[in-house]
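# Fold and contact review
One letter stands for each residue in the lines below.
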Amino acid sequence: IQSENNTTMSNLVAIVGRPNVGKSTLFNRLTQTRHAIVSDEAGTTRDRQYGKCEWGKNEFSVVDTGGWVVNSDDTFESEINRQVNLAIKEADVILLVVDVNAGVTQFDMEVAHLLRQAKKETVLAVNKVDQFDQQYGAPEFYKLGLGEPYILSAENGLGTGDLLGEICSRFKDTVAGADLEELPRF
């Protein structure tokens, strides 16, 4: 897909993580919309939701997913996890969102393992860093094995610019018309 400013829009970022880490709040911030329902109740997001994000000269798609859970009482658990897996497969970059207040949980470890197996570009966002002192909890997330954790407050916007810069740096450069060289010439 080509936008007016000649940048490609083939990049897709999937926002994944366990329930109630702020994935939908981050989706709304990145897309500058209120399309995703935000609630304190776990399991509000059950299906994938797509939106558009612009940062600098980059324009890309973002998909919000339901929270990854295993062995829960949620009757839709397997379908939600299937939707998360589909989003991971189609994404160019995966954004794993975790909660600084909860620390590393078993679900975070399971999702991180799944993402390492997917061998996709992954950015780790430590969310809910709403107060200065909370940033000191971020280094704990190195144990997920996904690289540097980016501190973030999806609610008030702290760290969003750094996070978007990192996401955009992970996109593979695609040039419009590059595929034309492979077409037969007459």
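The sections below set out a description of the structure shown in this document.

Quick notes on the rules
Residues numbered from 1 in each chain as written. Predicted model: local features only at pLDDT ≥ 70, side-chain atom pairs only at ≥ 80, totals over all residues. Heavy atoms only, no water. Helix = DSSP H or I, 4+ residues; strand = E, 2+ residues; numbered from the N terminus. Buried < 20%, exposed > 50% of the residue type's maximum accessible area, 1.4 Å probe, protein only. Salt bridge = Lys/Arg side-chain N within 4 Å of Asp/Glu carboxyl O.

## Re unusual backbone geometry
Even without a glycine there, the phi angle at Asn20 is positive, about 60 degrees. Inspection of the secondary structure assignment puts Asn20 in the loop between strand E1 (12-16) and helix H1 (23-31). Note on Asn20: relative accessible area 31%, which makes it partly exposed.

## Quick word on the pattern of salt bridges
By the definition in use, this model includes six salt bridges. Lys52 is paired through a salt bridge with Glu54; the nearest N and O atoms lie 3.2 Å apart. Lys52 is the salt-bridge partner of Glu59, the closest N and O atoms lying 4.0 Å from each other. Under the relative-accessibility criterion, Glu59 is labelled buried at 14%. One salt-bridge network, held together by shared partners, links Lys52, Glu54 and Glu59.

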